[in-house]
Amino acid sequence: MKQKTIAILLTIALLAGCNTPAPAAPSATDEPDMEAIIQQSVDEAVQEKVKEYEKEQKKKDEEIAKLKEQLEDLTAQSEPPPKENSSAPAESTSSQAPASSQPAAPAASSQAEVPPQPEPEPPPQSAPAPTKQPAKTKPVNEGTIFEGYEVKVSDWTTPAVSSGGRDWPISTWYFWGPGETVLGSISGSVMDKISRKYAASTNYDPDIDWSTWYADAFNEYRNIAGGGNTSSGSTASEEPGEDESSQQAGAFLEDDALEVVRLVNEEREKQGLEPLDVDENLMELARIRAEELEGKFSHERPDGTHAAQVFSGGENIAGDYTSPSAVMEAWMGSEGHRANILRERFHYIGVGCYQDTNGDLYWVQLFSPRKT
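Residues numbered from 1 in each chain as written. Predicted model: local features only at pLDDT ≥ 70, side-chain atom pairs only at ≥ 80, totals over all residues. Heavy atoms only, no water.

Asks: Help me understand the packing of aromatic side chains in this model?
Replies: Two numbers describe a pair of aromatic rings. These are the distance of the centres and the angle of the planes. Here the structure, examined in full by the defined rule, presents 13 aromatic pairs. Considering the side-chain rings of Phe146 and Tyr221, the 5.6 Å spacing of their centres and the 80 degrees angle between planes classify their relative orientation as edge-to-face. Here Tyr221 lies in helix H9 (residues 210-221) and Phe146 lies in the loop between helix H7 (134-137) and strand E1 (152-153), a separation of 75 residues in the sequence. Each member of the pair Phe146 and Tyr221 is classed as buried. Arg166 extends its terminal NZ or CZ atom over the ring of Tyr174, reaching a point 4.6 Å from the ring centre. (Phe/Tyr/Trp six-rings, centres within 6.5 Å; stacked < 30°, edge-to-face > 60°. Helix = DSSP H or I, 4+ residues; strand = E, 2+ residues; numbered from the N terminus. Buried < 20%, exposed > 50% of the residue type's maximum accessible area, 1.4 Å probe, protein only. Lys NZ or Arg CZ within 6 Å of the ring centre and 35° of its normal.)

Asks: Honestly, the sheet that holds E1 in this entry has me stumped. Any pointers?
Replies: Through backbone hydrogen bonds, the strands of a sheet pair up, either in parallel or in antiparallel fashion. Pairing is antiparallel in the open sheet, where four strands are placed in the order E1-E4-E3-E2. Each of the sheet's edge strands pairs with one partner strand only, and the pair in question is E1 and strand E2 (162-165). Bridge count for strand E3 (residues 172-176) against strand E4 (residues 182-187) is five bridges, and the pairing is antiparallel. The residue of E4 that forms the bridge with Thr172 is Ser187. Helix-sheet contacts for H9 involve E1, E2, E3 and E4, and the interaxial angle to E2 is about 115 degrees. (Pairing = 2+ DSSP bridges. Contact = heavy atoms within 4.5 Å. Axes fitted to C-alpha atoms, helices over the stretch in contact; angles between N-to-C directions.)

Asks: Where do I start with the side chain of Arg287 in this structure?
Replies: Within the secondary structure, Arg287 sits in helix H12 (residues 280-295). A relative accessible area of 15% means that Arg287 is categorised as buried. Within the structure, the side chain of Arg287 is placed 2.6 Å from the side chain of Glu284, a separation counted as a polar contact. Aside from chain neighbours lying at most four places away, what touches Arg287 is Phe252, Glu254 and Gly352. (Polar contact = N/O pair within 3.5 Å; in protein donor to acceptor, adjacent residues only side chain to side chain.)

Asks: Help me understand helix H8 (residues 188-199) in this model?
Replies: Because each turn of an α-helix spans 3.6 residues, side chains separated by three or four positions in sequence point in the same direction. With 12 residues, H8 should reach 16 Å at 1.5 Å per residue; the first-to-last C-alpha distance of 16 Å fits that figure. Regarding H8, the residues found buried are Gly188, Val190, Met191, Ile194, Ser195 and Tyr198. Looking down the long axis of H8, one finds its buried residues gathered within 155 degrees of arc, a one-sided arrangement. Exposed side of H8, more than 90 degrees from the buried face: Arg196 and Lys197 are the residues found there. (Expected span 1.5 Å × (residues − 1). Arc of directions from axis to C-beta.)

Asks: Looking at this model, I keep getting lost on helix H11 (residues 254-270). Mind explaining?
Replies: The terminal C-alpha atoms of H11, which comprises 17 residues, lie 25 Å apart, in line with the 24 Å expected from a rise of 1.5 Å per residue. Among all positions in H11, only Ala257, Val260, Val261, Leu263, Val264, Asn265, Glu267 and Arg268 are buried. The elements touched by buried residues of H11 are strand E6 (277-278), helix H14 (324-332), helix H15 (335-341), strand E8 (348-355) and strand E9 (361-368). Once H11 ends, the next one or two residues include Gly272, with phi positive near 75 degrees.

Asks: Could you clarify how one ought to interpret the pairing of E3 in this entry?
Replies: Along any regular strand, the residues point their side chains to alternate faces of the sheet. Counted residue by residue, E3 has five buried out of five residues, so it is predominantly covered. Looking at chain direction, E2 and E3 are connected through four bridges and run antiparallel. Within the sheet, the bridge partner assigned to Gly164 lies in E3 and is Tyr174. Between E2 and E3, which follow one another and run antiparallel, lie six residues. Counting the residues between successive antiparallel strands, the hairpin from E3 to E4 contains five residues, one of them, Gly179, with a positive phi of roughly 75 degrees.

Asks: Mind showing me how you'd approach the packing of H8 against H9 here?
Replies: Angle between the axes and distance between the axes are the two parameters that describe a pair of packed helices. Between H8 and H9, the shortest axis-to-axis distance is 13 Å and the interhelical angle comes to 100 degrees. As summarised for this structure, H8 and H9 are arranged roughly perpendicular, according to the angle between their axes. Contacts from Met191, Ile194, Ser195 and Tyr198 of H8 reach H9 at Trp210, Trp213 and Tyr214. Each residue belonging to the contact of H8 with H9 can be placed in one class, and the counts come to six nonpolar, one polar and no charged. (Parallel < 35°, antiparallel > 145°, perpendicular 65-115°, else oblique. Nonpolar A, V, L, I, M, F, W, Y, C, P; charged D, E, K, R; others polar.)

Asks: How do you make sense of the confidence of the model for the protein when you look at a structure like this?
Replies: Close inspection of predicted coordinates is inappropriate for parts of the model with low pLDDT. On average, residues of the protein score 74 in pLDDT, and 66% of them are at 70 or above. The low-confidence segment residues 226-247 (pLDDT under 50) makes 24 contacts with residues lying over four places distant or belonging to another chain. (pLDDT = per-residue confidence, 0-100.)

Asks: What is the right way to read unusual backbone geometry from this model?
Replies: At Asp320, a residue that is not glycine, the phi angle is positive and equals roughly 70 degrees. Considering the arrangement of structural elements, one finds Asp320 in the loop between strand E7 (314-319) and H14.

Here it is as structure tokens:
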């Protein structure tokens, strides 16, 4: 009976075990979730870093606030009154040299760096410009219409019969003897000033012949018969003898000028270009320009104009070359000068060669696309 009872109980137990779910395999939720664990660790680390950053930022904000307060205090303490601020540039020097720290303008402070420097100021006062005034008490060519102006004289004995300019605007006013021999000259600007002064005077003659008027004035200036010298300042020393006057005059070397023309056309023919024709007006202007180079070696003329601009052409100048071949070699070796010599649009040429009293030569080439 007892055994039977045990058997029944075992049966009941077995039946009861069938209704109880069997232990299932561990679910994914029961296993550790690595991604969740990693994410949690990351989140915790980030939160920790955020807290550290906030803590550091707060500390920096506090430091910045303290610095701002200090800066405001310093600014409030360093602000000087307006007068001290205007002389601030001199503070560095005044601290080194207290004796010179006087209330002065900034410019004076730079001079104060070297105490002896203020002393140079007296010399201009002790030796002022008036020391040169004696020359002004007796102007150049005093007592003539040329008073105060320079007059170039190449012939002191031949009477002038006419005068005039050779270009426009007039750069030089020439005084001519018989056969248009140049006896002397004045600049075109001087001629203009003298003419304006005379035209404004009470002695002005509306029918005046300027060519003759200037020739007579030039004769008077040289104390030549027919002019009637009225200059109280002229002396025998102003009238050089024949030997001296011959040395004062330069010379135009026409043969050398024409040789340059020949060499120019020779170079053009090498390049298959047409030869240039000689233009007499250009030749005359080139002679004038060559003489002008003695006083001003520049493409700008003494009156400020440029010869080539008058006829839309070109100009080459040179000095210190002793022969046509030498100056041509120099010009052909220069890109700009060579371009003028070989420019296809040019058809006319004028060349001037002037030798001054020292024997120096001045050369000029003028080119034009049309006959002048």
